[in-house]
Amino acid sequence: VQLQASGGGLVQAGGSLRLSCAASGLTFTSYAMAWFRQAPGKEREFVAGITVSSIITQYTNSVKGRFTISRDNAKNTVYLQMNSLKPEDTAVYYCAANGRRSTMVVVSRVLYDYWGQGTLVTVSS
C-alpha cells in the first residue's frame, strides 16, 4: 500500500495550496481518508476527513471555512484545498486511510491503517 502526498511548498500568508494524495495497493472505495499535520515540536493533529461516499466531511475548528477536503474515487486520490493560509498552518501534512470505519470520520490517528510520507507546507508572514 502506498499513499503518495504532494503539493506542499512555500506560500505567503493569505495564499492557497492544493494537496493531493494518490493511493495505490488498496481498494480506495473501502477507506475513509483524512489529512493530519504535524508542526515542529507538536503532536500530529487531525485536520480534515472524508468518508468513502464523500457524504460526511469533518474539519478541525482552526481550518473550518478555509480548507476543503474532497476525493475522486475514480482516480484513487484525496485532496485538501487550503485557502487563506496562515503562518500557524505551517506543518508537514500527512494523508491517512482508515478501513475500519469507512462510513464515518474519526479523528484519532491510532485508528488509521496507512499513512503517506508527508508533504511540507510553509506559510510565511
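Looking now at the nonpolar core. Core analysis: the largest hydrophobic core is formed by 30 residues, its most contacted members being Trp35, Leu80, Met82 and Tyr93. Every element with two or more residues in this core is listed here: β1 (2-6), β3 (17-24), β4 (32-38), β5 (45-50), β7 (67-72), β8 (77-82), β9 (91-98) and β11 (119-124). Dropping the residues within four chain positions of it, Met82 is found in contact with Gly15, Ser16, Leu17, Leu19, Arg66, Phe67, Tyr93 and Val121. Phe36, Ala96, Val106 and Tyr112 belong to the second-largest nonpolar core, a separate cluster that totals seven residues.

On to the sheet that holds β7. Taken together, four strands build an open sheet; the order of strands is β1-β3-β8-β7 and the sheet is antiparallel. In this open sheet, the two strands that pair with only one neighbour each are β1 and β7. Strand-to-strand, the axes of this sheet are offset by a mean angle of 15°, without reference to chain direction. Where β1 lies against β3, five bridges are found, and the strand directions are antiparallel.

A few words on the pairing of β5. Across the six residues that make up β5, a large majority, five, are buried. Of the strand pairs in this sheet, β4 and β5 are connected by five bridges, and their pairing is antiparallel. Bridging across to β5, Met33 finds its partner in Ile50. Between β4 and β5, which pair antiparallel in sequence order, lie six residues; one of them, Gly41, sits at a positive phi of approximately 75°. Across three bridges, β5 lies against strand β6 (residues 57-59) in antiparallel orientation.

How each quantity is defined
- The residue numbers shown here count from 1 along each chain, following its written sequence.
- Confidence filtering applies because this is a predicted model: local features only for residues at pLDDT of at least 70, side-chain atom pairs given and counted only at 80 or more, and all residues used for totals across whole chains, interfaces and linings.
- In computing side-chain properties, one takes all heavy atoms of the structure into account and sets aside hydrogens as well as water.
- What we call a nonpolar core is a set of buried Ala, Val, Leu, Ile, Met, Phe, Trp, Tyr and Cys residues that are connected through their side-chain atoms within 4.5 Å.
- Using a 1.4 Å probe on the protein chains alone, a residue whose accessible area is under 20% of its type maximum counts as buried, one over 50% counts as exposed, and one in between counts as partly exposed.
- The way it works is that DSSP assigns letters per residue, a run of H or I at least four long becomes a helix, a run of E at least two long becomes a strand, and they are numbered from the N terminus.
- Any two residues whose heavy atoms approach within 4.5 Å at even a single point are treated as in contact.
- By definition, two strands form a pair when at least two bridges between them are found by DSSP.
- Orientation is described by lines fitted to C-alpha atoms, with helices fitted over the stretch in contact, and by angles between N-to-C directions that extend from 0 to 180 degrees.

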